[in-house]
Structures are given as C-alpha cells and as structure tokens.
Amino acid sequence: MEVYLTLALLMSRGVVLALGHDGLVDVPVPSGLTLQSNKSAQTLTLTWESDSSQFDIEIFHTELMNVVINETVESKADPTAGQHVWTWHSGLPLECTSHSVHIRARYQQTVSQWSPLQTIPGSDVPEQFLSKMYPQDKVVHVGNNMTFCCIVGEKINFDRILYHGKEMNATRVSRRTYAVTVVNLTVSEVTGTNVICCSKSHTLTGAVVFVAYPPGDEDLVCETRDLTSAVCSWKKGRATQMRKTHQRTKYSLNGRDCLQANKGEMLSCTWTSWEQNWTLVAQNPLGRVQLTDSASLADRVHLLVPVDVTAVEVEAWSSTLKWRWSVAAYKKLDMICQLKLNSRELTVTRNFSGTGLSSVLLDGLWPDVGYSVSVRCGSLHGFWKWGDESAPYRIHTKMWRPDPPDVWIWMDSETSGWVLWKPLSVSESHGALDGFEVSQSDADSDRWSTVSLSHNNFKFPITLTNNSDINVTVAARNPAGLSQPSALTVPAYRAVGSQLKVSELTGTNGGFDLSWRSDVHGRGGFVVEWIPTGCAGLCAVKWLKVPESNSSVRVGPESLEAGVRYTVSVYSLSAGAPVLLERWNGYTQELPPSESVVKLSPVQISSDVLLSWKAVPMKQQRGFIRGYSIYLATAARLELLANVSDPDMSSYRVTGLSLGSYKFVVKAYNSAGEDSGSTVAIKLEINMDMMVVGILVSLGSMFFCLILISIFCYKRREWVKKAFYPEIPGPKVSGDWCSPQGPLDVKASPHSLVHIVESPEWEFSKKGLVPVPEEEEENIGVDTDSDEPALLKYYNQVVGEDSRSNPLSDSSGSSTFSVDSGRTDITYTGIQSPTSSHGGGYRPQMQPVSGPDESNVGFESDFQEESSGYKPQCSWQLDSPEAENFRGSVGSPTSVTSSQFLLPESSEENRPAHGWFHSILSRKS
C-alpha cells in the first residue's frame, strides 16, 4: 500500500513539473513592490518579496511608456526581513518625468505574471505653468557624461537647450520634457557652467553645473618648531577647481578638523603636543584622500629664525657676529649654524656648531670691504632641515695698507723704457688709493729719487744715462699707509733679445700653451710677456708672473684677440735683471687677411707682364702669410695662373700672352683663407722702341752677313764665275743653211701681225700694232684702199746674203718649223720707221757682218731696197741709229716675233757691263 502511495506522489509531482514547464502560471508573482527615490543621487530603489532569486525588471517613462531598462537580475532575499532590494541609477534626473516599474519572478524557464505597475511621479505633472530644468547646481567629475532636462510650462513652446552657449541635440521624453546629454565634461569656470532652456522668443529656465576634481593633496609631513608642539603640512597637489565655500576640500588631522586649513589660509595644521603617528583626511563632494606620517620629535626639529643679529668688534680682517633665540629650549639644543657672506666680488658660506649657539667670530675678511651676513641654524643630531634664515645684516671692515703692485719693465729702445704695474683690485687695495710712489737708483749708487703719481696712473718712463743697471721700486698708498715696495732691475741693454731666434706659435682654443726649458730655474720665478707685434709707441703690454716650480703656462683667451699677431716672451727673474729665455710670434686664431696686397702694378716686357706688389700690412694680415695666388680675371670667373708659395716674393712674371687687354688679381692667403684680392689691368701693345731696335739689329745682322758673303765670294770669285756666269758659246748652225734658197712656209702666229705705217705723220688716235684674233687671222689681207697701214706677216725664212724676196708672194708656202709656241699677249704700239715714208717696213734681227768696215750708207740702201721683205738672221751690223731703237724689243731673246733664242755674236770687248758685282767677279786675280 505504501508503495502505491509513493508512486502516486511521484506521478503527481511530475505532472506539476510538466505543467510548469509548459508555461502554466505556477511561479508566484512577487508581492509588496515598493519604490523609493533619491533624487540628488538619481537612484531608484525597488523592494519586494518573493521565493525566487531571479527576476525580470522593466522600467518605463510613464507618460510615453518608453522602456528605459529591461533586465534580468539575481537577487537574494534578506534573511532577516525576507525582502529583495535592488537599486537602479538613472542617467536622467528623476524629476524630469514619472517612472513606472513592474517585476516578475523567474524559475528556470518559467516566469510568473508581471506585478502591478508602480509609479514614481516626476515634476512634469499637468497644470504646471512654470518651466524648470534639472539637475540644479550639480557637481560632477571631469570626463563624466551628464543628462539635463527641461520641463516647459503649459502652453509654452520649446525651442532649444544651450550648454556653455552651444546648442545641443534635444530628445523628447514626455509631453513637456526635453533632455540633452553632454559627454566628456571639461573643467568648468569659477562660477560653473550654464545650461539654458529657451523658447523661440526668450529664455525659459536654466541650471548650473560644476565640473571639477576630487582632492589631490599629498606628502604629509609633521615637524616641531618649539620642541613641544607639532606642525603638519602637506602639498595641495592637483587643484580641484572648486572655489565655493560649500564645495571646498575639508581637512581633518587625527580625526579633528583642521579649521585653519579648511579656511584655505595655509595647508598646514598645528597641534599643541607631539604625537608619533599622524593621519590627514581631505574630502570634497567628488571624493576624499587620506595621508599619513610617522616620526619621533628629535628627528623633526625645524628651528625658528635667529633674531637681533648684530656685528661687534669689526676690524680690517675679522668681525664678531651675535644673535639671540626666541625659544628658551634652544639654549640646551646642540645645533649647527651657517653664515652666508656676500660681497661685490664673492659669496662664501661658513658653518659653526655648538650648544645653544648665539655668536661666532668671522675671520679672513678683506679690509675696506662691505659684507651682508645672514644666519640659519639646525639641530646637530638627527639633522632634519635648516631653520629659517635671518634677514641680511650689513658690516664694513676697516682699511689696511695696500698689497704690493705687480710691476714689470718694458723697453721700447736701447736707452728708454717704461715701468708698468697693474691696477689693484678692491681686495688688493684695502681702501681707496691715494696714489703710487716710484723710486729709482743706479745699481752702483745708494741715492734714490722718488716720484709720486696719481692713483689712476700705472706707468712711469725711465731713461738709461750710463752703462749701469737701474733699480726701480713701486709702492701703493692709501689712508691706512704705504704698501711694501715692488722692486725690479732694469738692464743697461738687452741685446740678447735681438739675437734670439723667434719661433712661430700656434694658438689653441683662443689661447697660447707655452712651455720652456725645464733646466732653467729662476729664483724669482718667471714672467710671460705678450704684446701686439709691430705696435708703435707705448704698446698694450700684458704679463703674467709664474712661480719658480712651473715651466709651462697657458695664456688665456680673455686677454687675447683673434686675428692679432702677438710677440710672446718668457723671462727668468733673479737677483739681477730679467733674462730673456724664449720668444715666439703667433696668433690665437688666424683669420683671412682684411686687406689685399698694396701697390700692385703691371709692366709689359715684350709679350710678358711682370706683376709686382708690396705685402699686406702687418695689422691687416691676421695670420701668417703663406703665399700669393695669381688669377686672370675674365667676365665669367677667375682663372688661377700660379700659386706663389714663397711669402717673401713680391713679383711674378706672366708669360706667353698675346696682344690685348688683361686683368690680373693677386690674393694673399694664410691658413684661414684668401683676402678679397687686388686687381690691376693692362693692355699689351707693340713696343715701338723695341721694334726699332729689333729692325736695326736685323739690318746690322744682314749687313754683316752680306759683308761676309762678299768677302767669301771675292776670295772664291773664279769658282763663283764658273758656277753662276759660265762662258756662253755663240750660236752654231748645223748644216748649210745658206745654200738651198727657197721660200720658208711658216704659219703666221696670230700675235705676229702688225700694221705698217704708210705716213710718217702719226695719228695718235690709232695704234700701230693691233692684235688680231685667231678666228680672223686667215681673212686678213692687204687692203690698198684703207688708210690704215698694211699688216705684215712675220716669216722665219733663211735666205742668202744677196737674196731678195717678197713676203707676200711667199705667203702660200708652209714651214716645217712651227712657231705656235711663241704666242704672247704683249702688243707692240707706236713703232715708227727711222727712214723716209716709203721705207716703213718691218726690220727683223740681222746678224752683223764680221768686218767693221761696212758703212751706214750701204746698210740704209739695202734696207730701203728690201724694206718690205724679211731678212733672216745673217750679217747685220747694229751700228746704225735705227738699230738702237730695236735693241730693247725687236730681235731680243724674248721678242714676241722670234721663235728662237737669239743672241748676237760679239766680241768680249763689246759685251755690256753687268754692275759692280760682275766687275768684281771679272777681275783677274
């Protein structure tokens, strides 16, 4: 029976579960739902009762029933009250509109019915005619997001919402509520940021929001000032940007309010007694911070300021300083005090220690110097920090005798020089100087002469009057007395300076690093002297005294200038006069020359140009001149012609130039570069004097050569005669030319035709010989009706001595000897017959007869008889005047009417003279 009962129970339970799984309302509805709102925190708290632990919650904006949230939450009932509690934070202020909530329980996949709606009313209730905006005076953290709403009154039209003057996108929440959301808020101004709700015509309402930070205070430190109470201080850290009283950070120390810090006067809090541990809490509307500190009293002593500081027993080199303490407990405290002394030239600090210290002795002060002194003290054991520093107290020490001046002697010649000394500083003069006293005496005399000089005079001239040295002393004087004298011996003549080799010195980093022989010892030390090289008069001499133990020194850049050549000397000091050890010339830093070479001039030498110049002045060299660059200046650039690497050269010869204009540039250079260059121009022209000299020399040379040749030819005249003037044999005719007589047919040359003048009266308008062109030659005949003289043809025919022939009758014959090669363009004009008018024929060359007895009458008769015929070369005596007229033309070896080379046979006595040279060669030795 029990078994059946158990099965029945199990079956019924399964049916119930099955029915619940199918969605039947078997899960109980949550009961007792209540709502509680916190409008300042914008939270809504739900409270209900139910056996379930899982619930679905929906929240609406009541008027439009817009779902704000739909979540499934886990909530366990409070064991004591048996209620479930769940809190929701609303982004929209709860005043903006009414909110409705309902809830249902959930069991696995089964849910209960929704509970009845519960509503929290908002401020947008009907019949509200005033416009409102929420939230008001809200304080939020920088970077948060925030939603503002505007509830407009009844019958009022909404237009826009402005945040910090900028229009935002508004969303309608209910019939009369509009909301905007601002993201990533920035720090607001001192009075906050305004949010304004506007209609189209005017402002409806508004609100203020404060965007700031929570407290950022840090570094809490507690200390004691009077060895009893405590003063805790801290750093504010990041500013909260909250300036209204109710928003400011509030502080509490060990649970007690720090009203002094809460008022904002100072970030410290004073406590009447010392406590080992300290806790500070800082809080504002956005958050809070907690700081702690822990220490014993002996380790946190911070002394107060000394009072009534005063100086007593002020002397030239020392003074006593006193003060007192306002706290009696300090008299038993071991403390350390620091005094800070300030003067015009230096600042020093000195530490003193003691129990309850209230006075100290300040020694090592300088006479006639004003000081300002301040004092601060601290705990000697477990030193924490220096106490407060007193106000400066001024003291002035008394005067004292000046220090001996630094004296040097510079000789500007063999017999004159200057005693020089450096001005005394405030710490060296020990009071206002009245002047200087300079004394001098000869080395072999005990008498001294003293001269007083003003306080601003630092030189005195000296003159050597004999061969002995001079002892010089210089002392400074102030109201407290006269200083110890500085003594120096002036040598009679320092000839060693002119004999010593001067080396070249290169500067480094604006100064000179000097060293000299270490085996040289000066019992009085050494003096390094430097002056500008080449200066005139009283130079700017500077010097530095070096102890005996040193053999090297650096002359710093503060007293040297770049681009200035200095002469640096090292002297050894002893009982006598200074001895020169080393001497250099150098630059601390070389610069390009500031000026160019001077007096640059060109000189033409034939086709060369000699450039000469003078060196750059010493002051403008600004470096060691290493040479000169010679340039040829063109329109486009400078062409380097030569680089003269010898700085002592002052000329250069430019060779191989042609006639024309040239421009040359000469630049001096050193290790830093070249100068701007000096330019000169020259135009190369023909040198007339040199040309005349050349011509004369050439003529003289030629005349001398001619004399030598004449002498040579005179001595070798037989050889020259044979070589240049051999005997010319007479013409010989091979065969018997005179036996066969007959006409010689010769083809007339086109240039062998002449006109025969019929009348002895010459017409100057007509020419005697007219050239006949070749094409007209065959048509030429004798025109008896013409006034022109008849044209004769020349025939070279051999005839006998007594033969007579008519050239016209023989013109048909031809000759086997052609005379075509005798053509020429020369035309004979104006040939007249030397006889009567009827004898005007052409007379050829004739061979003179062998005998000289033939008269001129015979020649003339024969000539007249045969005036129109041709007579070949035969016997013809050229003794008649007519023959003289033909010697220069007709019958000559080059006659245009001759076809052979013809020379008259004559004896040696009848040969024509050929000049003085031929006469010399013809002499018998």
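Residues numbered from 1 in each chain as written. Predicted model: local features only at pLDDT ≥ 70, side-chain atom pairs only at ≥ 80, totals over all residues. Heavy atoms only, no water.

Comments concerning the overall build of the chain
(1) Moving on: What the chain contains, in helices and strands, is 11 helices and 56 strands.
(2) Moving on: Here the chain holds 925 residues, and the buried ones make up 39% of them.
(3) Moving on: Long-range pairs, those at least 24 residues apart, make up 66% of the contacts in the chain between residues at least 6 apart in sequence.
(4) Moving on: Entry remark: accessible area of the chain is about 52800 Å², with carbon and sulfur atoms responsible for 52%. (Helix = DSSP H or I, 4+ residues; strand = E, 2+ residues; numbered from the N terminus. Buried < 20%, exposed > 50% of the residue type's maximum accessible area, 1.4 Å probe, protein only. Contact = heavy atoms within 4.5 Å. Areas by Shrake-Rupley, 256 points an atom, 1.4 Å probe, with all protein chains shown as cover.)

A few points about the pairing of strand E48 (residues 608-614)
(1) Moving on: Bridge count between strand E47 (residues 598-605) and E48: six bridges; the pairing is antiparallel. Following the sheet pairing, Pro602 is matched in E48 by Leu611.
(2) Moving on: Linking two consecutive strands that pair antiparallel, namely E47 and E48, is a turn of two residues; a positive phi of about 60 degrees is found at Ser606 within it.
(3) Moving on: The pairing of E48 with strand E51 (residues 651-654) spans four bridges and is antiparallel. The residue bridging Val609 from the neighbouring strand is Val654, located in E51. (Pairing = 2+ DSSP bridges.)

Description of the nonpolar core
(1) Moving on: Counting 30 residues, the largest nonpolar core has Trp408, Val419, Trp421, Val490 and Val541 as its most contacted members.
(2) Moving on: Where this core is concerned, the elements lending two or more residues are strand E32 (407-411), strand E33 (416-421), strand E34 (435-442), strand E36 (459-463), strand E37 (470-478), strand E39 (486-490) and strand E42 (526-532).
(3) Moving on: When residues in this core are grouped by element, the largest group, five residues, is from E32.
(4) Moving on: For Trp408, the residues in contact, after removing those within four places along its chain, are Trp418, Val419, Leu420, Leu488, Val527, Glu529, Val541, Trp543, Tyr571, Leu573 and Pro578. (Core = buried A, V, L, I, M, F, W, Y, C linked by side-chain atoms within 4.5 Å.)

Some points on the state of the cysteines
(1) Moving on: Counted by the stated rule, this structure contains six disulfides.
(2) Moving on: Between the sulfur atoms of Cys222 and its disulfide mate Cys232 the distance is 1.9 Å. Its S-S torsion of approximately 110 degrees makes the covalent link between Cys222 and Cys232 right-handed. Of this pair, Cys222 sits in strand E18 (residues 216-223) while Cys232 is found in strand E19 (residues 230-238), placing the two residues 10 residues apart along the sequence.
(3) Moving on: Classification of Cys232 as buried rests on a relative accessible area of 0%.
(4) Moving on: One disulfide in the model links Cys337 with Cys377; its S-S distance is 2.0 Å. The sign of the S-S torsion, about 105 degrees, decides the handedness of the disulfide formed by Cys337 and Cys377: right-handed. (Disulfide = S-S within 2.5 Å.)

Some thoughts on the sheet that holds E42
Across a sheet, paired strands are connected by hydrogen bonds in the backbone, their directions being either parallel or antiparallel.
(1) Moving on: Ordered in space as E40-E46-E45-E42-E43, the five strands form an open sheet in which the pairing is mixed. Of all strands in the sheet, those with a lone pairing partner are strand E40 (503-506) and strand E43 (542-546), marking the two edges. Each neighbouring strand pair of the sheet contributes to a mean axis angle of 25 degrees, computed without reference to strand direction. (Axes fitted to C-alpha atoms, helices over the stretch in contact; angles between N-to-C directions.)

A short note on the confidence of the model for the chain
(1) Moving on: Chain-level pLDDT for the chain is 78 on average; 74% of the residues reach the 70-or-more range.
(2) Moving on: For residues 758-914, every residue scores under 50 in pLDDT, and the model assigns this stretch 203 contacts once sequence neighbours within four places are set aside. (pLDDT = per-residue confidence, 0-100.)

Examining unusual backbone geometry
With glycine set apart, most residues show a phi of negative sign, and most peptide bonds adopt trans.
(1) Moving on: With an omega of -5 degrees, the peptide bond between Tyr134 and Pro135 qualifies as cis.
(2) Moving on: Structurally, Pro135 is set in the loop between strand E9 (132-134) and strand E10 (138-141).
(3) Moving on: We note that Asp219 has phi near 60 degrees; this positive angle belongs to a residue other than glycine.
(4) Moving on: For Asp219, a relative accessible area of 43% corresponds to the partly exposed category.
(5) Moving on: Even without a glycine there, the phi angle at Asp308 is positive, about 55 degrees.
(6) Moving on: Position of Asp308 among the secondary structure elements: in strand E25 (residues 307-312).
(7) Moving on: Under the relative-accessibility criterion, Asp308 is labelled exposed at 51%.

Some words on the environment of Thr270
(1) Moving on: Here Thr270 shows up in strand E22 (residues 268-271).
(2) Moving on: For the pair Thr270 and Leu253, spaced 17 residues apart in sequence, the C-alpha separation works out to 9.4 Å.
(3) Moving on: Setting aside anything within four residues of it in sequence, one finds Thr270 in contact with Ala230, Val231 and Gln260.

Details of the packing of aromatic side chains
Both the distance between ring centres and the angle between the ring planes are used here to describe each pair of aromatic rings.
(1) Moving on: Counted under the stated rule, the structure contains 17 aromatic pairs.
(2) Moving on: Arranged with centres 5.9 Å apart and planes meeting at 65 degrees, the rings of Phe436 and Phe458 form a pair that is edge-to-face. Linking Phe436 in strand E34 with Phe458 in the loop between strand E35 (449-453) and E36, this pair joins segments that are 22 residues apart in sequence.
(3) Moving on: The exposure class assigned to Phe436 is buried, which follows from its relative accessible area of 0%. (Phe/Tyr/Trp six-rings, centres within 6.5 Å; stacked < 30°, edge-to-face > 60°.)

Comments concerning the pattern of salt bridges
(1) Moving on: According to the stated counting rule, one finds 22 salt bridges in the structure shown.
(2) Moving on: One salt bridge in this structure joins Arg653 and Asp608, with 3.1 Å as the shortest N-O distance. Here Arg653 is found in strand E51, whereas its partner Asp608 is found in strand E48, with 45 residues between them in sequence.
(3) Moving on: Overall, the relative accessible area of 39% leaves Arg653 in the partly exposed class.
(4) Moving on: One network of salt bridges, with partners in common, ties together Glu63, Glu154, Arg175 and Arg176. (Salt bridge = Lys/Arg side-chain N within 4 Å of Asp/Glu carboxyl O.)

Here we look at the sheet that holds strand E2 (residues 43-49)
(1) Moving on: The strand order across the open sheet built from three strands is E1-E2-E5, with neighbouring strands paired in antiparallel fashion. Only two strands of the sheet have a single partner each, and these edge strands are strand E1 (31-38) and strand E5 (84-89). Averaged over neighbouring strand pairs, the angle between their axes works out to 20 degrees when direction is ignored.
(2) Moving on: Relative to E5, E2 runs antiparallel, the two being bridged by six bridges. Within the sheet, the bridge partner assigned to Thr47 lies in E5 and is Val85.

Let's talk about the side chain of Ser596
(1) Moving on: Topologically, Ser596 is positioned in the loop between strand E46 (579-587) and E47.
(2) Moving on: In terms of polar contacts, Ser596 uses its side chain to reach the side chain of Ser676, at 3.4 Å.
(3) Moving on: Of note is the side chain of Ser596, whose polar atom sits 3.0 Å from the backbone nitrogen of Gly677.
(4) Moving on: Those residues in contact with Ser596 that lie beyond four places of it in its chain are Val616, Asp675, Ser676, Gly677 and Ser678. (Polar contact = N/O pair within 3.5 Å; in protein donor to acceptor, adjacent residues only side chain to side chain.)

A word on the pairing of strand E4 (residues 66-74)
(1) Moving on: When strand E3 (residues 54-61) meets E4, the two strands line up antiparallel, connected through eight bridges. Residue pairing across strands places Gln54 opposite Glu74, the latter belonging to E4.
(2) Moving on: Linking two consecutive strands that pair antiparallel, namely E3 and E4, is a turn of four residues; a positive phi of about 50 degrees is found at Met65 within it.

Looking at the side chain of Asp56
(1) Moving on: Mapped onto the elements, Asp56 comes out in strand E3.
(2) Moving on: Residue class for Asp56 comes out buried when judged on its relative accessible area of 3%.
(3) Moving on: Excluding its chain neighbours within four sequence positions, the residues that come into contact with Asp56 are Glu71, Thr72, His102, Ile103, Arg104, Arg106, Val111 and Trp114.

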